[in-house]
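What the coordinates show
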Amino acid sequence: ITDTGGIDDKSFNATAWKGIEDAQKDFGIDAKFLESQGVSDYEKNINAFLEEGCDLIVTVGFLIADATAAAADDNPDNKFSIVDFAYDPAIDNVVGQLFNTDEAAFLAGYAAAAVTKTGKVGTFGGLPIPTVTIFMKGFVEGVDYYNAAKGTDVVVLGYDLQDETKGLFSMDFDDQQKGRELAVSLMDEGADVIMPVAGPVGLGAAAAIQERGNAYLIGVDSDWVLTAPEYKDITLTSVMKMMDATTVEVIKSVIDGSFEGGNVIGTLENGGVDIAPFYDLANLISAETQAELDQIKADIIAGQIKLQ
């Protein structure tokens, strides 16, 4: 069951659905989806799948969390998984899929700091919620790490580690015009690498960056060179959540009988998060910078670099 972004959002709904499609091929399960046009559809869609007797109901996103919890409480014999959210305390029949995206965003921030010519990079989010701000936080920490290592002073526009209320947010995940406006604002302030963390809103930012032609984009959730290839000429990298892999893992647990409530967490170590290749823009990343990124990734996995 999607959130309001829809099944083809080129973001986390689409990636979670890919996991279900992969499981369909690998395990021979029956798979179907329902799209939520608005918040009022969440409960209705969950009830529709309950009536169909689904073995597992996968819901997507922070906004569907209350409806999922209510359905799980009312139907303790049914199994649920929610993408990009976790309950505290855990619910016995719900698996939350979480992602340490700050680990991958740290790498993207370091790369952005290495690439910028203006000394300014930017980011904005859809809503000031943890699954959004974790990207922004990791991005800033990666830039800060670069500055400490290189004696530079690259500035991040759009997010403040000390005061999240100063962050830049579209307050929307669907309106691409808002993404366009925020990207123009950041470019006007001098940012030449921009990471939008706002689902389809980010496509509006990509269009504005491509039109102006003096900045690069960092995608989020999926590999944007693959999901939004029309922007591959400006896409430096993407901070990826492998929601397809974690969704397959949960489906497999239902099939083999090991399903239990709690959380599946995607990390750099288990391949649940990563940055995408630099593709056509690899010439912007020197061999030295690539070696540093490889070492930073190893250091994060080993716990030598600890994120806030």
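Data block above holds the structure.
Residues take numbers from 1 onward in each chain, read along the sequence in its written order. Where totals are concerned, whole chains, interfaces and linings use all residues; where local detail is concerned, this predicted model gives features only for residues with pLDDT of at least 70, and gives and counts side-chain atom pairs only at 80 or more. Side-chain metrics rest on all non-hydrogen atoms present in the structure, leaving aside hydrogens and water.

Let us now look at unusual backbone geometry. At the junction of Asp 88 and Pro 89, the peptide bond is cis and its omega measures out at 5° in the coordinates. Within the fold, Pro 89 resides in the loop between strand S2 (79-83) and strand S3 (94-99). A positive phi is found at Met 171, a non-glycine position, where the angle reads about 60°. Structurally, Met 171 is set in the loop between strand S5 (155-157) and helix H6 (176-188). A positive phi is found at Asp 221, a non-glycine position, where the angle reads about 75°. Only runs of H or I of at least four residues qualify as helices and only runs of E of at least two qualify as strands under DSSP, and these elements are numbered from the N terminus. By secondary structure assignment, the location of Asp 221 is in strand S7 (residues 216-221). Residue burial is assigned from relative accessible area. The probe radius is 1.4 Å, only protein chains are included, and a residue is buried under 20% of its type maximum, exposed over 50%, and partly exposed in between. The class of Asp 221 is buried, set by a relative accessible area of 7%.

On to the packing of helix H2 (residues 41-51) against helix H3 (residues 65-74). Note on method: axes are straight lines fitted to C-alpha atoms, helices fitted across the in-contact stretch only, with angles between N-to-C directions ranging 0 to 180 degrees. Closest axis-to-axis distance for the H2/H3 pair is 9 Å, and the angle between their directions is 35°. Read as a crossing pair, H2 and H3 show a hand that is right-handed. In this structure, H2 uses Tyr 42, Glu 43, Ile 46 and Leu 50 to contact H3, whose residues at the interface are Ala 67, Thr 68 and Ala 71. Three classes are used: nonpolar for Ala, Val, Leu, Ile, Met, Phe, Trp, Tyr, Cys and Pro, charged for Asp, Glu, Lys and Arg, and polar for all others, with Gly counted as polar. Classifying every residue of the contact of H2 with H3 by side-chain character gives five nonpolar, one polar and one charged. The hand of a helix crossing depends on one turn: near helix anticlockwise from the far one by less than a right angle means left-handed, and clockwise means right-handed. Throughout, a contact is declared for two residues whenever any of their heavy atoms are within 4.5 Å.

Our next topic: the pairing of strand S1 (residues 56-60). Looking down a regular strand, the side chains alternate between one sheet face and the other. Burial within S1 is extensive, with five of its five residues counted as buried. Bridging between S1 and S2 involves five bridges; their strand directions are parallel. Within the sheet, the bridge partner assigned to Leu 56 lies in S2 and is Lys 79. Crossover connection from S1 via H3 to parallel S2: handedness right-handed. A pair of strands is treated as paired once DSSP finds two or more bridges between them. Orient the strands so they point away from the viewer; a crossover is then right-handed if the path from the first strand over the helix to the second runs clockwise.

Cavities and pockets are found on a 1 Å grid laid over the protein atoms alone: a cavity is a set of points where a 1.4 Å probe fits but cannot escape, a pocket is an open set with protein on both sides within 12 Å along at least five of seven lines, and a lining residue has an atom within 4 Å of such a point. Grid points are joined across faces, edges and corners, and a volume is the space filled by probe spheres set on the points. If you add up the space inside the largest pocket, you get close to 520 Å³. Forming the boundary of the largest pocket are 24 residues, of which Ile 29, Asp 30, Ala 31, Cys 54 and Leu 56 lie nearest the centre. Listed by contribution, the elements that provide at least two residues to the lining of the largest pocket are helix H1 (12-27), S1 and helix H9 (243-256). For the lining of the largest pocket, a count of residues per class yields 17 nonpolar, three polar and four charged. For the lining of the second largest pocket, the secondary-structure elements that each account for two or more residues are H1, helix H8 (224-227) and strand S8 (235-241). Along the lines of polarity and charge, the residues of the lining of the second largest pocket split into four nonpolar, three polar and five charged.

This part is about the environment of Thr 15. You can see Thr 15 is positioned in helix H1. Each C-alpha atom of the pair Thr 15 and Ala 245 lies 9.1 Å from the other, and the pair is 230 residues apart in sequence. Excluding residues that lie within four positions of it along the chain, Thr 15 makes contacts with Ser 222, Lys 241, Met 243 and Asp 244.

Judged by nonpolar contacts, the single largest core of 59 residues is most densely connected at Val 121, Met 195, Ile 218, Leu 236 and Val 239. Aside from chain neighbours lying at most four places away, what touches Leu 236 is Ala 111, Ala 112, Val 115, Val 193, Tyr 216, Leu 217, Ile 218, Pro 277, Phe 278, Leu 281, Leu 284 and Ile 285. Of all hydrophobic cores here, the second largest spans 22 residues; its members include Ala 183, Leu 186, Val 201 and Ala 228. Only buried residues count toward a nonpolar core. Its members are Ala, Val, Leu, Ile, Met, Phe, Trp, Tyr and Cys residues joined through side-chain atoms within 4.5 Å.

In this section: empty space enclosed by the protein. All told, the structure shown has two cavities of 30 Å³ or more when counted by the stated rule. Of the pockets and cavities examined, the largest cavity occupies roughly 190 Å³. As for the largest cavity, its lining consists of 17 residues, and the residues nearest its centre are Phe 12, Asp 84, Thr 131, Val 132 and Phe 173. No other element matches the three residues that helix H5 (residues 130-150) contributes to the lining of the largest cavity. Its residues assigned to classes, the lining of the largest cavity shows ten nonpolar, three polar and four charged. Estimates place the volume of the second largest cavity at around 40 Å³. Every residue along the wall of the second largest cavity is listed here: Asp 3, Gly 5, Asp 9, Phe 12, Asn 13, Phe 173, Gly 199 and Pro 200. Residues that form the lining of the second largest cavity fall into these classes: three nonpolar, three polar and two charged.

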